[in-house]
Amino acid sequence: GATTDDLRAYLEDSARRGIQYIVALRGDPPPGEADFRPVPGGLAYGNELVALVRREFPDFGIIVGGYPETHPEALDPDSDLKFLKQKVDAGADVVVTQLFYDNDVFFRFRDRCAKAGITVPIVPGVLPIVRREQIKPDNTLFGARVPDTLVDRMHHYTDDDEGQFAAGVYFAARQVEQLVEGGVPGVHFYVLNKSRAASHICRALALGA
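A brief structural summary.

So, how was this worked out
- Residues numbered from 1 in each chain as written.
- Predicted model: local features only at pLDDT ≥ 70, side-chain atom pairs only at ≥ 80, totals over all residues.
- Heavy atoms only, no water.
- Core = buried A, V, L, I, M, F, W, Y, C linked by side-chain atoms within 4.5 Å.
- Buried < 20%, exposed > 50% of the residue type's maximum accessible area, 1.4 Å probe, protein only.
- Helix = DSSP H or I, 4+ residues; strand = E, 2+ residues; numbered from the N terminus.
- Contact = heavy atoms within 4.5 Å.
- Salt bridge = Lys/Arg side-chain N within 4 Å of Asp/Glu carboxyl O.

### Comments concerning the nonpolar core
- Core analysis: the biggest nonpolar cluster contains 38 residues, and Val64 and Leu84 have the highest contact counts within it.
- Breaking this core down by element, the ones donating at least two residues are α1 (4–16), α2 (46–56), β2 (61–66), α3 (77–89), α4 (103–115), β4 (122–126), α6 (161–181) and α7 (196–208).
- Per element, the largest residue contribution to this core is six residues, and it comes from α6.
- Beyond its immediate chain neighbours, meaning those up to four positions away, Leu84 contacts Val64, Gly65, Gly66, Val95, Phe109, Cys113 and Ile118.
- In this structure, Tyr101, Ile129, Leu141 and Met154 belong to the second largest nonpolar core, which totals 12 residues.

Here's what the structure looks like:
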């Protein structure tokens, strides 16, 4: 819902406050609407926002989003990757991915990015599942496929909230451990304002080291 002037004012204020990085996302459609429509005087695509930041606020680092399992609005994986490269070519410094639960999906995505000429760091995004209710009936969460092993484990602890929490933390810790072994430059945790699971995962990884 922001105009270009709104964005400039926000970026100027962020620079004054000492912010170093901007996460440049197009944003979701308004609640209840299926399609994204820019407001008059606004921007339509993420690469336009990246270009604005890079052109007018060159001291900012810029992070953009990538989708290992393809953006839900994309026609196909190839077109989705093309749009990601446009954001990188416009000036993005880092790609942080949407959440996923199959590391092979991430590694294939990383390989495809490299073949497409995307050379900036690609940081995997991880959202620990700590409640059975987070998983949709089709075994997805925010469009990401949840492995049957984790779904079954969550159902095993149907009446045990702490058991569900422990199962989700264990799965995510092993996921992060494998990602680090696979050479990722870092990991971004989606905590949804609840940091307990991420804290447990970091402690488990530190003890394992």
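### Some words on the pattern of salt bridges
- Inspection of every chain in the model, using the stated rule, returns 13 salt bridges.
- The closest approach of N and O atoms between Arg37 and Asp35, which form a salt bridge, is 4.0 Å.
- For Asp35, a relative accessible area of 45% gives the class partly exposed.
- Ionic pairing is found between Asp78 and Arg112, a salt bridge with its closest N-O pair at 3.5 Å. Of this pair, Asp78 sits in helix α3 while Arg112 sits in helix α4; the two residues are 34 residues apart in sequence, bridging distant segments of the chain.
- Connected through shared salt-bridge partners, Asp5, Arg8, Arg55 and Glu56 make up one network.

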